[in-house]
Number of protein chains: 2
Amino acid sequence: MKATAQAGANIAFVKYWGALDAELHLPLNNSISLTLDQATTLVTVEFSPHVGEDVGEDVIELEGRRAEGRLRERVVRFLDHLRRLSGSRDRARVASQSTFPVATGLASSASLFAGMAVAGLAALGLALEPREVSTIARLGSGSAARSVFGGWVEWVAGGRHEDSYAYPLKPADWWPVRDVIVIVSQEPKEMPSLAGHAAARTSPCFAGRLASTSEHLALARTAILTRDLEALGTVAEAEALLLHAVSMTTDPPALYWLPATVAVMRQVWAWRREGVPAYFTLDAGPNVHVLTTPEDTPRVATGLCAIDGVQRTIVCQPGGPPVLGDVHLF
Amino acid sequence: MKATAQAGANIAFVKYWGALDAELHLPLNNSISLTLDQATTLVTVEFSPHVGEDVGEDVIELEGRRAEGRLRERVVRFLDHLRRLSGSRDRARVASQSTFPVATGLASSASLFAGMAVAGLAALGLALEPREVSTIARLGSGSAARSVFGGWVEWVAGGRHEDSYAYPLKPADWWPVRDVIVIVSQEPKEMPSLAGHAAARTSPCFAGRLASTSEHLALARTAILTRDLEALGTVAEAEALLLHAVSMTTDPPALYWLPATVAVMRQVWAWRREGVPAYFTLDAGPNVHVLTTPEDTPRVATGLCAIDGVQRTIVCQPGGPPVLGDVHLF
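Summary of the structure given here. (Residues numbered from 1 in each chain as written. Chains lettered and ligands numbered in written order. Predicted model: local features only at pLDDT ≥ 70, side-chain atom pairs only at ≥ 80, totals over all residues. Heavy atoms only, no water.)

1. Quick word on the relation of the copies chain B and chain A
When chain B is fitted to chain A, the best match, at an RMSD of 0.0 Å, comes from turning it 180° and sliding it 0.0 Å along the axis. Taken together, the rotation and translation describe the operation of a two-fold axis. In this assembly, 100% of the residues forming the interface of chain B have copies in chain A that are likewise at the interface, indicating an isologous arrangement. (Least-squares fit on C-alpha atoms with pLDDT ≥ 70 in both. Contact = heavy atoms within 4.5 Å.)

Given below as structure tokens:
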């Protein structure tokens, strides 16, 4: 009744921003992402009546700290979904450990809930179709629907729970791009993504962004299928700027950028003017992802580290789907 | 046949971005600004058949440098308008000197063309109504229509040349706010404003911005008439972020910000959390304007100078209308 899974975070080229149903994490548009190999979360889940006997509740320890408040509620609600599926009434113990800073706009909730879905279902002895695992992971965090698959993934928006799931466009070994994650802050971001999704509609840019997504999706799909880094990078940058255009014009505004965020974006453009293939994208946070080729990665990663305010980089390759392991966190 | 005028730049709280007619600088929405006293341009204009006798053309020296290319063409076209009005066929000599860095998003073309309109009309012996002077200044640079007046100014969009003019909402002494201009770069910006106006329509945020301007105009007018700095600052920040949301999502994108731009914006928000009344706005460029009270100006100006990447500040008060003087630049 105990299982451990490791799942990768993902970076979205066409973003998820703004929800049709905030409770079920039904998005307003499809999104497309790449699952990452070096930004992962290890999650152990155990269901047992003996868990938390003294306190009478689930025991949840994320990144070495007892989860509290809304984060705890969110995990308990997710465990309730899993219990409902299996008919279990057991309390659960959950522990997680990530290889990258969480809550800083690097999709840590994607890897956490994808890992929790896979480990939790295994711990409960449930074997489900990947599509169903994806819808379940989505209930924890929208973008977790994508991290249930490795490689290049599209999440179909859908209009109700069972129709909003991700599917793989191409596997991890389809195209060896690199994603250099640039850490400029390890502080939790000021506005969590869930609040950001809710505020999105107050932006005058919201409708325009939504109207752009169909074209962006087509461009991103084609870029992936034809392994065209310039095309993928161009749409990824446009989507990132549009996401931040929306978030900085909500009421109240959310500006996720730090000075170093802008410095990184400008360095990427400077490289392109010199002929180096590098493209940025960023989710709702100050940290930046820089897409480049395997050959250019050393130069790009070294150059990024030299920028004022950059703390470190994490060089990622396309990652596989979540895997179950037998080394548990407790 | 020689006259010199000094005109102030202005800072717009509701912005001009996107043109109905790019040639005539007819905007798509009304805008509201404050004319500044410490960011001014001195312009001397002389009309005479003896000017440029050797070269047979207008002699234009802006900020100590012979004007060339598109800038020169723009000034010559403006001089042609003035000549047409007066029936003059004389060549002109123009010189300008500003107290602040030009072409960096500080509305230097506003003070230049407002000064050139006032000096040029005087040099030609033409006495026109202020409204007409405003429409003429507009032909040089849209925002120059506003700098023809001192204090708090609204520019009526209009749909044809003679109906697109500014008028004063309140004079300079109506409300003693301070505008601390924060210089983070003296480099000419990458995309000139005229190109930015043209590109604006390609942004998915364009329609949303335009739809917001009526509400923003009402808020800004009311804030000025009731001397409500919080209300004015709030709309000024929203307008600034919206302008940059549009410009960073055009095709191709124009990101005017530097790392220090973001640092200044974040410092302003930090001050507000501490109860200091400070609000930012910025036009199409990296330099920032910080609105505050006379009492808080020393603290704000000193604090801004301490930010990494800030070169200097210029503390402005509301400025008067252009004035003719008798000390000429040549």
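Read on, since the account is not over.
2. Considerations on the pairing of strand E8 (residues 152-155) of chain B
All names here are of chain B. Residue alternation in E8 divides its side chains into two sets, Trp152 and Glu154 and Val153 and Trp155, and both sets are buried. Bridging between strand E4 (residues 31-48) and E8 involves four bridges; their strand directions are antiparallel. Pairing of Ile32 across the sheet is with Glu154, part of E8. (Buried < 20%, exposed > 50% of the residue type's maximum accessible area, 1.4 Å probe, protein only. Helix = DSSP H or I, 4+ residues; strand = E, 2+ residues; numbered from the N terminus. Pairing = 2+ DSSP bridges.)

3. Points about the pattern of salt bridges
Residues and elements named next belong to chain A. Counted according to the given criterion, the structure contains 22 salt bridges over all chains. Notably, a salt bridge pairs Glu154 with Arg221, separated by 2.7 Å at the nearest N-O pair. Taken as a pair, Glu154 in strand E8 (residues 152-155) and Arg221 in helix H6 (residues 206-225) lie far apart in primary sequence, 67 residues in all. Residue Glu154 is classed as buried on the basis of its relative accessible area of 1%. (Salt bridge = Lys/Arg side-chain N within 4 Å of Asp/Glu carboxyl O.)

4. Description of the interface of chain B and chain A
On the chain A side, the residues contacting the 23 residues of chain B number 23 residues. For the pair chain B and chain A, the summed buried area comes to about 2,000 Å², and 74% of that belongs to carbon and sulfur atoms. Inspection of the chain B/chain A interface yields zero salt bridges. At the junction of chain B with chain A, the criterion picks out four residue pairs in polar contact (both at pLDDT 80 or more). (Buried area = accessible area lost by both parts, 1.4 Å probe. Polar contact = N/O pair within 3.5 Å; in protein donor to acceptor, adjacent residues only side chain to side chain.)

5. Here we look at the packing of aromatic side chains
Each aromatic ring pair is specified by the distance between its two centres and by the angle formed by the two planes. Residue and element names in this part refer to chain A. Inspection of every chain in the model, using the stated rule, returns 11 aromatic pairs over all chains. Their ring planes at 25° and their centres at 5.8 Å tell us that Phe13 and Trp152 sit as a pair that is stacked. Highlighted residues: Phe13 in strand E1 (residues 2-14) and Trp152 in strand E8, separated in sequence by 139 residues. Note on Phe78 and Phe113: the rings are 5.3 Å apart at their centroids and 75° apart in plane angle, and the pair reads as edge-to-face. Here Phe78 is found in helix H1 (residues 69-86), whereas its partner Phe113 is found in helix H2 (residues 108-123), with 35 residues between them in sequence. Residue Phe78 is classed as buried on the basis of its relative accessible area of 1%. Its relative accessible area of 1% is what places Phe113 among the buried residues. (Phe/Tyr/Trp six-rings, centres within 6.5 Å; stacked < 30°, edge-to-face > 60°.)

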